[in-house]
Amino acid sequence: MERLVTIKSSPHGMELRLAQDVPFDVLTEALRTKFREASRFFRGAKMAVSFTGRVLNRTEEKAILEIISDEAGIDVVCIIDRDENNEMMYRSVVEQTLFNIKKREGQFYRGTLARREVLESDASIVILGDVEPGSRVIAKGNIVIVGALYGSVHAGASGDTDAFIAALSMQPRQLRIGDVEAKRQIICQESLNIQGPKIAIVDGRHIYLDPLVD
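Computed from a predicted structure; not experimentally measured.

Here is what the cut-offs are and how they apply
In every chain, residue numbers begin from 1 and rise along the written sequence. In view of the model being predicted, local features appear only for residues whose pLDDT reaches at least 70, and side-chain atom pairs are presented and counted only at 80 or more, with totals across whole chains, interfaces and linings using the full set of residues. Side-chain figures throughout are based on the complete set of non-hydrogen atoms in the structure, without hydrogens or water. A helix here means a DSSP run of H or I that spans at least four residues, while a strand means a run of E at least two residues long, and both kinds are numbered starting from the N terminus. Partly exposed describes any residue whose relative accessible area lies between the buried limit of under 20% and the exposed limit of over 50%, with all areas from a 1.4 Å probe on protein chains only and scaled to the type maximum. In what follows, a contact means two residues having at least one pair of non-hydrogen atoms within 4.5 Å. For the accessible areas, the method is Shrake-Rupley and the probe is 1.4 Å, while residue cover comes only from the protein chains on display. In this analysis, axes come from line fits to C-alpha atoms, helices being fitted only over the stretch in contact, and the angle between any two N-to-C directions falls in the range 0 to 180 degrees. Roughly parallel means an angle under 35 degrees; roughly antiparallel, over 145; roughly perpendicular, 65 to 115; everything else is oblique. Crossings are assigned a handedness: left-handed for a near helix turned anticlockwise from the far helix by less than a right angle, right-handed for a clockwise turn. Only strands joined by at least two bridges in the DSSP assignment are considered to pair.

Helix and strand content of the protein: five helices and 15 strands. With 214 residues in all, the protein has 47% of them scored as buried. A sequence separation of at least 24 residues applies to 39% of the contacts in the protein between residues at least 6 apart. If you sum the accessible surface of the protein, you get close to 11,600 Å²; carbon and sulfur atoms cover 45% of it.

This is the structure:
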C-alpha cells in the first residue's frame, strides 16, 4: 500500500505521490484506505494539494478530490501545478488566501465564469478557474485569477487604486482598478510581451502589467 500512495506534507499543503504503473481503480482503492486511516488527522482541514509521480486528467483529478473529501473531510482549496514557472504564484495565492479566510476577509470562487455571469465581492476574491469572454468580476479588494482572464474585471471597486489584478493569462475585455480604466489594446499588447503570470497595478493615472514571477 505504501508503494501505491504516499502522503507528504509540503509548505503549502499536501503532496500526493502516486504510483504510475497501476490501474487507476487500484490506485483509488489505495487512496480510500490511506485517507480513511488518516482521517482523524485531517478532518476539517483546508489545504492545497499537489500530485507527483503520475499524470492525471481532469476526470481522474476530480475522482481523487472526491475521495479526499469523503474519506478525510479535507476541503481542498486548489491544486498546485508543479510547473516551476507558475509555482511561485500558486504558493502566494494559497498562502495569502488561506490567511484571509482565517480573518474572514476575502473569498474563493471555484469554477469557470461563463458568458453573462457576474461575480461580485465586498472584499478580495480568488477565482480558481477562468473568466471567460462576456463575464464580469467586481471586487472592492484585489482579484486573483488562477486561470485565464478574458472577460471584464474591476478591482478596488470602492475607489481603491492600491488594489491589483493578477492572472496566469491575461487578455481582458475590460480592466479597471479603482476609477482608472486600462486601454484594452495596450493591456493586450503588454500581455503578449510578458511570459507567465501577470499582475496589473495602477501607477499615476495608468494601469500597467508586470510579470508576477521574476
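With that settled, consider unusual backbone geometry. The phi angle at Arg-116 is positive, at roughly 75°, despite the residue not being glycine. Of note, Arg-116 is situated in the loop between strand S5 (107-110) and strand S6 (118-121).

It is at 8 Å that the axes of helix H1 (residues 24-37) and helix H3 (residues 58-72) come closest, and there the two elements cross at 25°. Between H1 and H3, the angle is such that the two are roughly parallel. When you trace H1 past H3, the crossing you get is right-handed. Residues Phe-24, Thr-28, Leu-31, Arg-32, Phe-35 and Arg-36 of H1 form the contact with H3, whose participating residues are Glu-60, Ala-63, Ile-64, Ile-67, Ile-68, Glu-71 and Ala-72.

Attention shifts here to the sheet that holds strand S12 (residues 174-177). Read from one edge to the other, the open sheet built from five strands follows the order S6-S8-S10-S12-S13, with strand pairing classed as mixed. One side of each edge strand has no neighbouring strand; the edge strands of this open sheet are S6 and strand S13 (180-181). Summarising the sheet, strand S8 (residues 136-139) and strand S10 (residues 152-155) pair through three bridges and their orientation is parallel. Residue pairing in the sheet places Val-137 in a bridge with Val-153 of S10.

Another point: the environment of Gln-195. Mapping Gln-195 onto the fold places it in the loop between helix H5 (184-193) and strand S14 (198-203). The sequence separation of Gln-195 and Asp-210 amounts to 15 residues, and the corresponding C-alpha distance is 9.8 Å.

What follows covers the pairing of strand S7 (residues 125-128). Burial along S7 is two-sided: Ile-125 and Ile-127 facing one way and Val-126 and Leu-128 facing the other are all buried. Where S5 meets S7, four bridges bridge the pair, whose relative direction is parallel. Each bridged residue has a counterpart across the sheet, and for Tyr-109 the counterpart in S7 is Ile-127. Here three bridges tie S7 to strand S9 (residues 143-149), and the two strands are oriented parallel to one another. What sits directly across from Ile-127, in S9, is Ile-145.

Ordered in space as S5-S7-S9-S11-S14-S15, the six strands form an open sheet in which the pairing is mixed. In this open sheet, the two edge strands, each paired with only one partner strand, are S5 and strand S15 (206-211). Ignoring strand direction, the axes of neighbouring strands in this sheet form an average angle of 25°. Strand direction decides the pairing type here: strand S11 (residues 165-170) and S14, joined by three bridges, are antiparallel. Counted as the bridge partner of Ala-167 is Lys-198 from S14.

Keep in mind these numbers describe shape, not what the thing actually does.
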